[in-house]
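Here's the letter readout for the chains.
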Amino acid sequence: MALIVQKYGGTSVGDLDRIRNVASKAVAEHKAGNQVVVVVSAMSGETNRLVALVDGLSRFPNLREYDTVVSAGEQISIGLVSIAVENMGIKCRSYLGWQVKFITDSTFSKARIREVEGFRIRRDLDEGCIVVVAGFQGIDDMGNITTLGRGGSDTSAVALAAALKADRCDIYTDVDGVYTTDPRIEPRATKLERISYDEMLEMASMGAKVLQIRSVEMAKKYRVPLRVLSSLEEGTGTLLTEDSEMERVVVSAITSDQNEAKLTIKGVPDRPGIAAAIFGSLAEANVNVDMIIQNVSENGETDVSFTVSKREYQLAMNVLDEQVKKIGARSLGGNPNISKVSVVGVGMRSHSGVAQRMFSCLARENINLQMISTSEIKISVVIDEKYTELAVRTLHEEFELEKSLADRISA
Ligand code: ADP
Ligand code: ASP
Ligand code: MG
């Protein structure tokens, strides 16, 4: 008997037929003799609707209350899935995050899971129940409801799988696996049979929202056997592994992220402690910073550009407005209409020339690069948002990702 955690995203529970479909998949595993825990997201569009309600009232809502509102969608879907399972003759119990319990820190709207108490779930499983758990939410030490950031149900599922020492964690979604790029942008993208945790980590952090980055971090840390597969079609999906064939190709995926915004501080005095003051004030306001670029200093002054999430853009601007005056910098500017496009590949470690190929390819399309950042296994550029799809498609073609992996390895 295996213990299986299944996670279903918003589209997979988008209407009552889909909910019946989820129930029957859970019941099928149960009837095959396995213990099944189902983690679900809110019905598709529901969390966006709740976020819009909050935004309609306030530009800077109290984030404790934001979490109270946006966590509500999952309560409906767990109850509905549970009813659908019981209709199929199997005992089922649904639980909210605080009931089972996902204990998190108090960083409202993007809390981190500290611990998962699984004993209530284990007891129900031993009684022969299917257990349905709300993703995306938890509770802090003070008893406040928290949420894990958009896409956080993936992380709930992996955390639960780790805590319960599950034999498998299956992430069911609206695509049948992880692709060389978002198949909704480039229909010629190819599905990957396997991908390494490291590579998936890089893809997730560069914007491939098929898995939330924290879920991949956690799967890697606790060695959770993770698969991504479709809730609507049969198939084996994509398996996450310690290493993969990808080592043998230079570029394995293209990602894009339209959820970031760029800020630039000009005329920053070039002396020790200034970067600490700028980024310290953002950290204090709980704003996550992604890419950072500082120019070579001229006449004792430098420019600093960096990106933050679009949702935190206005907050970052407000925080820095004061800080810029304090440190004596010349000006603060920003642009929310940007996107980050990245080329990812573990094989890049041992190959040169990828950056040059990427830049010339984008230059041929007249796409201007506003920022560049590299790591051992990825190169990212910030460009004007309106060129995102064009950039993704041309890079996908440049690195011949429409070809099968076997063809690319032998080439
Ligand atoms: P869910 O609601 O099931 O959590 P998400 O919308 O969060 O689903 O994630 C699935 C989506 O991720 C797909 O519909 C696809 O558009 C997008 N996506 C982005 N990059 C990739 C990729 N490399 N492979 C597969 N899907 C991707
Ligand atoms: N419902 C949440 C969201 O839309 C969590 C998730 O889907 O994973 O972000
Ligand atoms: Mg998701």
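Residues numbered from 1 in each chain as written. Chains lettered and ligands numbered in written order. Predicted model: local features only at pLDDT ≥ 70, side-chain atom pairs only at ≥ 80, totals over all residues. Heavy atoms only, no water.

K.L.:
I'd like to hear about the site of ligand 1, residue by residue, with values.
P.N.:
Taken together, 17 residues lie near ligand 1, and Thr173, Asp174, Tyr179, Asp182 and Arg184 sit nearest. A distance of 2.7 Å is found between an oxygen atom of ligand 1 and a side-chain nitrogen or oxygen belonging to Thr173. A distance of 3.2 Å separates an oxygen atom of ligand 1 from a polar atom in the side chain of Lys209. When ligand 1 sits alone it has 570 Å² of accessible area, and the protein chains cover 90% of it. Residues belonging to the shell around ligand 1 are distributed by class as follows: seven nonpolar, five polar and five charged. (Near = heavy atom within 4 Å. Polar contact = N/O pair within 3.5 Å; in protein donor to acceptor, adjacent residues only side chain to side chain. Areas by Shrake-Rupley, 256 points an atom, 1.4 Å probe, with all protein chains shown as cover. Nonpolar A, V, L, I, M, F, W, Y, C, P; charged D, E, K, R; others polar.)

K.L.:
An account of the sheet that holds strand β19 (residues 371-375) is needed here, citing residue identities and associated values.
P.N.:
Strands pair in a sheet through their backbones, by hydrogen bonds, and they do so in one of two ways: parallel or antiparallel. The strand order β13-β18-β20-β19 describes an open sheet built from four strands, whose pairing is antiparallel. Sheet topology places β13 (253-257) and β19 at the edges, where each strand pairs with a single neighbour. Neighbour-to-neighbour, the strand axes of the sheet open up by a mean angle of 20°, direction not taken into account. As defined by bridge partners, β13 adjoins strand β18 (residues 338-344) across five bridges and the pair is classed as antiparallel. Of the residues in β18, the one forming a bridge with Ser256 is Val341. (Pairing = 2+ DSSP bridges. Helix = DSSP H or I, 4+ residues; strand = E, 2+ residues; numbered from the N terminus. Axes fitted to C-alpha atoms, helices over the stretch in contact; angles between N-to-C directions.)

K.L.:
So, the packing of aromatic side chains: which residues are in play, and what are the values?
P.N.:
Applying the stated criterion across every chain, the model contains two aromatic pairs. Between Tyr8 and Tyr172, the ring centres sit 4.8 Å apart and the planes meet at 5°, which makes this aromatic pair stacked. You can see Tyr8 sitting in strand β1 (residues 3-8) and its partner Tyr172 sitting in strand β9 (residues 168-173), a full 164 residues away along the chain. Aromatic pair Phe279 and Phe306: ring centres 5.0 Å apart, planes at 75°, arrangement edge-to-face. Here Phe279 is found in helix α10 (residues 274-284), whereas its partner Phe306 is found in strand β16 (residues 301-309), with 27 residues between them in sequence. (Phe/Tyr/Trp six-rings, centres within 6.5 Å; stacked < 30°, edge-to-face > 60°.)

K.L.:
Lay out the site of ligand 2 in plain terms, naming residues and giving numbers.
P.N.:
Ser41, Ala42, Thr47, Glu74, Phe136, Arg150, Gly151, Gly152 and Ser153 make up every residue found near ligand 2. Between ligand 2 and the protein, one listed contact pairs an oxygen atom with a backbone N or O atom of Gly151 at 2.9 Å. At 3.4 Å, a backbone N or O of Gly152 approaches an oxygen atom of ligand 2. When isolated, ligand 2 has an accessible area of 260 Å², and the protein chains bury 86% of it. Here the shell around ligand 2 is built from residues that sort into two nonpolar, five polar and two charged.

K.L.:
Outline the nonpolar core, supporting the account with residue identities and numerical values.
P.N.:
Counting residues in each nonpolar core, the largest one holds 45 residues, and the members touching the most others are Val5, Val37, Ile121, Val133, Leu160, Cys169 and Met200. It is helix α7 (residues 153-163) that contributes the most residues to this core, six residues altogether. Setting aside its immediate chain neighbours within four residues, Cys169 contacts Val5, Ala157, Val158, Ala161, Val224, Pro225, Leu226 and Arg227. Counting 22 residues, the second-largest nonpolar core is a separate cluster that includes Tyr8, Val27, Val81 and Leu96. (Core = buried A, V, L, I, M, F, W, Y, C linked by side-chain atoms within 4.5 Å. Buried < 20%, exposed > 50% of the residue type's maximum accessible area, 1.4 Å probe, protein only. Contact = heavy atoms within 4.5 Å.)

K.L.:
Go over the pattern of salt bridges, please, and point to the residues and values.
P.N.:
Per the counting criterion, the structure on display carries 29 salt bridges. Salt-bridge contacts for Asp198 lead to Lys220; the nearest nitrogen and oxygen are separated by 2.6 Å. Placement of Asp198 in helix α8 (residues 197-205) and of Lys220 in helix α9 (residues 213-221) is noted, with a sequence separation of 22 residues between them. Judged by relative accessible area, Asp198 falls into the partly exposed class, the value being 28%. A relative accessible area of 34% places Lys220 in the partly exposed class. The salt bridge partner of Glu385 is Lys310, with a shortest N-O separation of 2.9 Å. Taken together, the residues span a long stretch of sequence, with Glu385 in the loop between β20 (378-384) and α13 (388-398) and Lys310 in the loop between β16 and α11 (313-327) at a distance of 75 residues. The class of Lys310 is partly exposed, set by a relative accessible area of 27%. Put simply, Glu29, Arg168, Asp170 and Arg227 are held in one network by salt bridges that share partners. (Salt bridge = Lys/Arg side-chain N within 4 Å of Asp/Glu carboxyl O.)

Worth remembering: the numbers are spatial, not functional.
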